[in-house]
Amino acid sequence: MYAARGKTGIKDSFLTRWRSRRRDREVWALREKTRALLRLSRTVATSIACADIGDVVAASVRQNFALTGAALYLQDDNGLLLAATQGSIAAAEQLPPPLIQNHEAGPVPWSTVFPDSVCEQPEASWACWQIAVPLCVDQLNVGLLALGAKESGEIIDDAELELLGIIGAHLTMALRGVDWARRLQEKEAEVDALSQRLHRETEVVRSEARYTAGFRHIVGVSPALQYALQLVEKSAATDAAVLISGETGTGKELIARAIHDLSPRRSGPLVSVNCPAIPADLAESELFGHERGAFTGAVDTRIGKLELADGGTIFLDEVADLPMAVQVKLLRVLQEREIQRVGSHKTRKLDIRIVAASNRDLRQESTAGRFREDLYFRLAVLPIQLPALRERLGDIPMLATHFLERAANAYGKRLRGFTPEAVALLEKYHWPGNVRELHHVIERAVLLSTGDRIRPDCLIELSLPSSPRSLGASLRVEKLRRVEAALKQTDGNQAAAARLLGMSRSNFARLLKTLRQAVAETATALL
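Here the structure is a predicted model, which means the values were calculated and not measured. (Residues numbered from 1 in each chain as written. Predicted model: local features only at pLDDT ≥ 70, side-chain atom pairs only at ≥ 80, totals over all residues. Heavy atoms only, no water.)

**Student:** Outline the sheet that holds strand 8 (residues 270-274), supporting the account with residue identities and numerical values.
**Tutor:** Overall, parallel pairing links the five strands, which are arranged 8-11-14-7-15 in an open sheet. Sheet topology places strand 8 and strand 15 (382-385) at the edges, where each strand pairs with a single neighbour. Neighbour to neighbour, the strand axes of the sheet diverge by 15° on average, direction disregarded. Relative to strand 15, strand 7 (residues 242-245) is paired through four bridges, and the arrangement is parallel. Residue pairing across strands places I244 opposite I384, the latter belonging to strand 15. (Pairing = 2+ DSSP bridges. Helix = DSSP H or I, 4+ residues; strand = E, 2+ residues; numbered from the N terminus. Axes fitted to C-alpha atoms, helices over the stretch in contact; angles between N-to-C directions.)

Given below as C-alpha cells:
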C-alpha cells in the first residue's frame, strides 16, 4: 500500500513540475511577445515618416514571428501601393482593390481578402502571402500588412493573431498620425508661402503708404518742386543733417515732416522748434533742458527739446535766429551726439537727426558773422532749396483746388471750383507769401463765396499794392466777410443776423447788397 502511494506521489509531483514548466514557457513566450509589441509600439510612436514605419515594422514583425516575409501596402487613389518589404517573398508594387473592405475585426487569411481565383494567377507574386492584417480606422482603409508563413512551417496560433491585431491597430493609428502630420506640414508650407507673399505685399503697400504719407500735403508737378522732392527721398534714407532753404511760406516744415515720415526714424518722435519764438536768454534751456536750481526760476528739472527727440528727428525752424552761444552747443550735438543740461555736469548720449530750415541765406549770414560758419557746414550736409510759388506758376490751380476742397469740407460748403476769371486772377498775382498766403486767400474766399464757384469778388485782397483803391477795397472785403459770417452763423436768417450785428433788418439787407456789388465791381476793374 505504501509502495502504491509512493508511485502515485511521484507521478503527481512529475505532473506538477511539467505543468509548472509549461506555464513558465507560456509566460516566457507571452513576455517575449509583449516585449516585441512594446518595441513595435515605441518604433511606431517615434517614427515620423511612412517609409520609416514601414521598414521598421515589416522587419520587426518578420523577425519576432519568424516569418518568411512581411510587406506593408498603403492605400492610394490608385489602389494599394507597396511601401516596404522584408523577407524572401517577392512583393508586387501594386495590389488590386480588395473585395472585402474595412476588416476592422483584425487579421484574416489572405484568401479572405483576395479570392483563390485571383491568388492562383501565375503572375500574382503576392499570392504567396498567408495572413492579411487590414489597417482600417473609422471605416477608412489606410493600408494592408501582408505576412508570409512561418519559417518553421508551424501555424500562426490565436494568441499570435491577437498580437498581430494589436500591432495592426497601433500601426493604423500611427499611419493616420503620420498622414495628419504630412498634411499639417503641407498646410504649414502653404501658410508660410502665403505669409511670405503677404509680407512682401505688405512691405510694398507700406512703402507706397510711407511715400504717400510723406508727401500727402505737398501738391505740385513743377520741375523745381519735383527736383526738391527727389532730394527729400534721397536724404530720408540717411541720418545726415539736412538744411532746408526757401522763402517764408514755401512749406519748409512740410518738407521736414516728409523727410521724417520717409526715414527709418518714422516710428520715433518729430519735435519741431520755432527758433524765433524762443527768448534769447531761454534758448539754451529750451533746447538742452536744465536741472532744478540751475538758475532763478528753475524750480523743477526740465527735459529739453533735443532730449525729447531722442530716437527721432528734431526740426529747427529758422535756425539762424539762435543765439551764438547756443549755436556753439548745437555744433557739439552734431559732432558728438551728446548734450549737457544747464546746471548739470553729466553728458547724455542722444540718437537724433537734425533737420534745420531758414528763409535766409546761411552762407551769407556766416560770411557776415551772424551765423557760425562751422555750424553751417555741419547743417548743410544735404541742402534742399524750395522754390517760391512764383517759380512754379503751373502749380497754382492745383494748389488752389486742393485748398478749396479742404476749406469747403471744413466749413460745410458745396463748391465746384473757380470761375476762369478767378483762376486768371490767381495766376496773375505775385504771391509774396507763397503757398501759405495762397492757403489763407482760398480759405477766406470759401468763407465769402455765395455761389457754387469761387468768383473774382471773393479774391479782392489779391489787388496789386500800387492800386489806389486797394486799401478801400480791403476794408470792404473785411466788412463783407463779417456780414457773411453773421449770416452764416444764423443759417441765412437776415433778421437774426441783423440783430446779431445790432442793426435793423432793412439796413442789414442794404449793406449786404452794397458790399457785394462794390466788391464785384472792384474785382472786375482789376482784371
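Still more to cover.
**Student:** Which residues make up the environment of R378, and what are the values?
**Tutor:** Structurally, R378 is set in helix 12 (residues 373-379). Note on R378: relative accessible area 39%, which makes it partly exposed. Separated by 48 residues in sequence, R378 and L330 have C-alpha atoms that sit 9.9 Å apart. (Buried < 20%, exposed > 50% of the residue type's maximum accessible area, 1.4 Å probe, protein only.)

**Student:** Explain the packing of helix 6 (residues 223-236) against helix 7 (residues 252-262) to me, using residue names and the numbers behind them.
**Tutor:** Two elements in contact, helix 6 and helix 7, have axes separated by 8 Å at closest approach and are oriented at 40°. Classified by the angle their axes make, helix 6 and helix 7 are oblique. Our pair here, helix 6 against helix 7, has a crossing hand that is right-handed. Two secondary-structure elements touch here, helix 6 through L229, V232, S235 and A236 and helix 7 through I255, A258, I259 and L262. Within the contact of helix 6 with helix 7, the residues separate by chemical class into seven nonpolar, one polar and no charged. (Parallel < 35°, antiparallel > 145°, perpendicular 65-115°, else oblique. Left-handed = near helix turned anticlockwise from the far one by under 90°. Contact = heavy atoms within 4.5 Å. Nonpolar A, V, L, I, M, F, W, Y, C, P; charged D, E, K, R; others polar.)

**Student:** Which residues make up the environment of R292, and what are the values?
**Tutor:** Position of R292 relative to the elements: it lies in the loop between strand 9 (289-290) and strand 10 (302-303). The exposure class assigned to R292 is exposed, which follows from its relative accessible area of 64%. In this structure the C-alpha to C-alpha distance between R292 and V342, which are 50 residues apart in sequence, comes to 9.2 Å. The contact partners of R292, leaving out residues within four places of it in the chain, are A298, V299, D300 and T301.

**Student:** Before we move on, could you go through the packing of helix 13 (residues 396-411) against helix 15 (residues 434-448) and cite the residues and values that matter?
**Tutor:** Relative to each other, helix 13 and helix 15 sit at 45°, their axes nearing to 9 Å. When the interaxial angle is binned, helix 13 and helix 15 end up oblique. At the point where helix 13 passes helix 15, the crossing takes the right-handed sense. On the side of helix 13, the interface is formed by I396, L399, A400, F403, L404, R406, A407, A408 and Y411, while helix 15 contributes V435, L438, H439, I442, E443, V446 and L447.

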